[in-house]
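# Structural characterization, general
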Amino acid sequence: MESLWPWHVPVDVALPCATQNELNGEDAAILVKNGVLCVAEGANMPSTLEAVRLFENSGVLYAPGKASNAGGVATSGLEMSQNAAHLSRPRKEVDARLLQIMRSIHEACVQHGRRADGRISHVDGAMLAQGVV
């Protein structure tokens, strides 16, 4: 598949929000070459496996959609439980619960994603924390 990114723009953070597998290895190489420090997916698997491995092997902080999108999923779950119980929780309470959930997800990714060389793979951590091997 030909790269969708014909331009070369320096960037610190990339937030791919495309459909599945649209950011390929060539695109990832361009981002790495242009100095990307962090890639956090904003969709379900917009990066190919080749792109993910390139980010991780290049030392880019990479957050897979499974982890980075968890806040939206958690918020929906909190809203559904609130609606089912006919409750109205204050915003601060919902924010506090969401913060607790997101910290727990990050901690699980770090715990289960630590590699022998000390680096953290949020991909591996998220998969192992969910029981996917």
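Below, the structure is looked at part by part. (Residues numbered from 1 in each chain as written. Predicted model: local features only at pLDDT ≥ 70, side-chain atom pairs only at ≥ 80, totals over all residues. Heavy atoms only, no water.)

Time to look at helix α2 (residues 49-57). Restricting attention to buried positions, one finds in α2 the residues Ala51, Val52, Phe55 and Glu56. End-on, the buried residues of α2 take up no more than an arc of 130 degrees, which puts them together on one face. Among the exposed residues of α2, those oriented more than 90 degrees off its buried face are Leu49, Glu50 and Asn57. For α2, the secondary structure elements touched by its buried residues are α1 (25-33), β2 (38-40), β3 (61-63) and α6 (122-129). Looking at the residues trailing α2, positive phi occurs at glycine 59, about 80 degrees. (Buried < 20%, exposed > 50% of the residue type's maximum accessible area, 1.4 Å probe, protein only. Helix = DSSP H or I, 4+ residues; strand = E, 2+ residues; numbered from the N terminus. Arc of directions from axis to C-beta. Contact = heavy atoms within 4.5 Å.)

Turning our attention to the nonpolar core. Among the nonpolar cores identified, the biggest contains 12 residues, and these are Ala14, Leu23, Ala28, Leu31, Val36, Val39, Ala51, Val52, Phe55, Val60, Tyr62 and Val123. For this core, the elements supplying multiple residues, two or more each, are α1 and α2. Sort the elements by how many residues they give to this core and α2 lands first, with 3 residues. (Core = buried A, V, L, I, M, F, W, Y, C linked by side-chain atoms within 4.5 Å.)

What follows deals with the packing of helix α4 (residues 70-84) against helix α5 (residues 91-113). Axis separation between α4 and α5 bottoms out at 10 Å; the angle between their running directions is 135 degrees. With respect to α5, the element α4 is oriented oblique. Crossing of α4 against α5: the hand is right-handed. On the side of α4, the interface is formed by Ala70, Gly71, Ala74, Thr75, Leu78 and Gln82, while α5 contributes Val94, Arg97, Leu98, Ile101, Met102 and Ile105. Grouping the constituent residues of the contact of α4 with α5 by class yields 8 nonpolar, 3 polar and 1 charged. (Axes fitted to C-alpha atoms, helices over the stretch in contact; angles between N-to-C directions. Parallel < 35°, antiparallel > 145°, perpendicular 65-115°, else oblique. Left-handed = near helix turned anticlockwise from the far one by under 90°. Nonpolar A, V, L, I, M, F, W, Y, C, P; charged D, E, K, R; others polar.)

Approximately 390 Å³ is the volume found for the largest pocket. In this structure, the largest pocket is lined by 18 residues; those nearest its centre are Glu41, Met45, Pro64, Lys66 and Val123. Secondary structure elements with two or more residues in the lining of the largest pocket: α2, α3 (65-68), α4 and α6. Among the residues making up the lining of the largest pocket, the classes are represented as 10 nonpolar, 6 polar and 2 charged. (1 Å grid on protein atoms, 1.4 Å probe; cavity = no way out; pocket = protein on both sides within 12 Å on 5 of 7 lines; lining within 4 Å. Points joined across faces, edges and corners; volume = space filled by probe spheres on them.)

This part is about α1. For α1, every residue scored as buried is listed here: Gly25, Asp27, Ala28, Ile30 and Leu31. Of the surrounding elements, those touching the buried residues of α1 are β1 (13-14) and α2. You can read the cap of α1 off the contacts: a side-chain oxygen lies 3.0 Å from the backbone nitrogen of glutamate 26, and it is on asparagine 24. (Polar contact = N/O pair within 3.5 Å; in protein donor to acceptor, adjacent residues only side chain to side chain.)

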